[in-house]
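Geometric and topological summary
Given next are the chains, with one letter for each unit.
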Amino acid sequence: MTIKDSLESFTGLAKFTSDGCAPCKVQQPILEKVCADHSVSYIEFNIDDEDIRPEALSMGIKSVPTLIFLMDGVPQAIKVGVKDDEEAKILGMLSIS
């Protein structure tokens, strides 16, 4: 299954990550908490996977972690990297305070 197929009608957060990405590991528990607390689905794509990388690059994913908030498969917000106030940034993507 391709990324496009996975996200076609998806509502939630899509996370692009890599095994060796330290910021991705910092973000993971924060993302899990936000999604659990607010009943938000998320799906993860590892760009280390040879089948995933070319499609991620063609979608404009240039660094990790990248989060994309989608509603019915349509991107609504994109966030790249990890910030000190990560939970607030993720909630802001979802328009939740």
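Residues numbered from 1 in each chain as written. Predicted model: local features only at pLDDT ≥ 70, side-chain atom pairs only at ≥ 80, totals over all residues. Heavy atoms only, no water.

This part takes up unusual backbone geometry. The amide bond that connects V64 to the next residue, P65, takes the cis arrangement and shows omega of 0°. A positive phi angle, close to 50°, is found at S39, a residue other than glycine. Examined against the element boundaries, S39 turns out to sit in the loop between α2 (22-37) and β2 (42-46). Even without glycine at this site, D72 takes up a positive phi of about 50°. Structurally, the position occupied by D72 is in the loop between β3 (66-71) and β4 (74-80). For D72, a relative accessible area of 57% gives the class exposed. (Helix = DSSP H or I, 4+ residues; strand = E, 2+ residues; numbered from the N terminus. Buried < 20%, exposed > 50% of the residue type's maximum accessible area, 1.4 Å probe, protein only.)

With that settled, the discussion passes to the state of the cysteines. According to the stated counting rule, one finds 1 disulfide in the structure shown. Across the disulfide from C21 sits C24; the S-S distance is 2.3 Å. Taking the sign of the S-S torsion, about 80° here, the bridge from C21 to C24 comes out right-handed. Classification of C21 by relative accessible area gives buried; the value is 7%. Here C35 stays free of any disulfide, with the sulfur of C24 as its closest cysteine sulfur at 15 Å. (Disulfide = S-S within 2.5 Å.)

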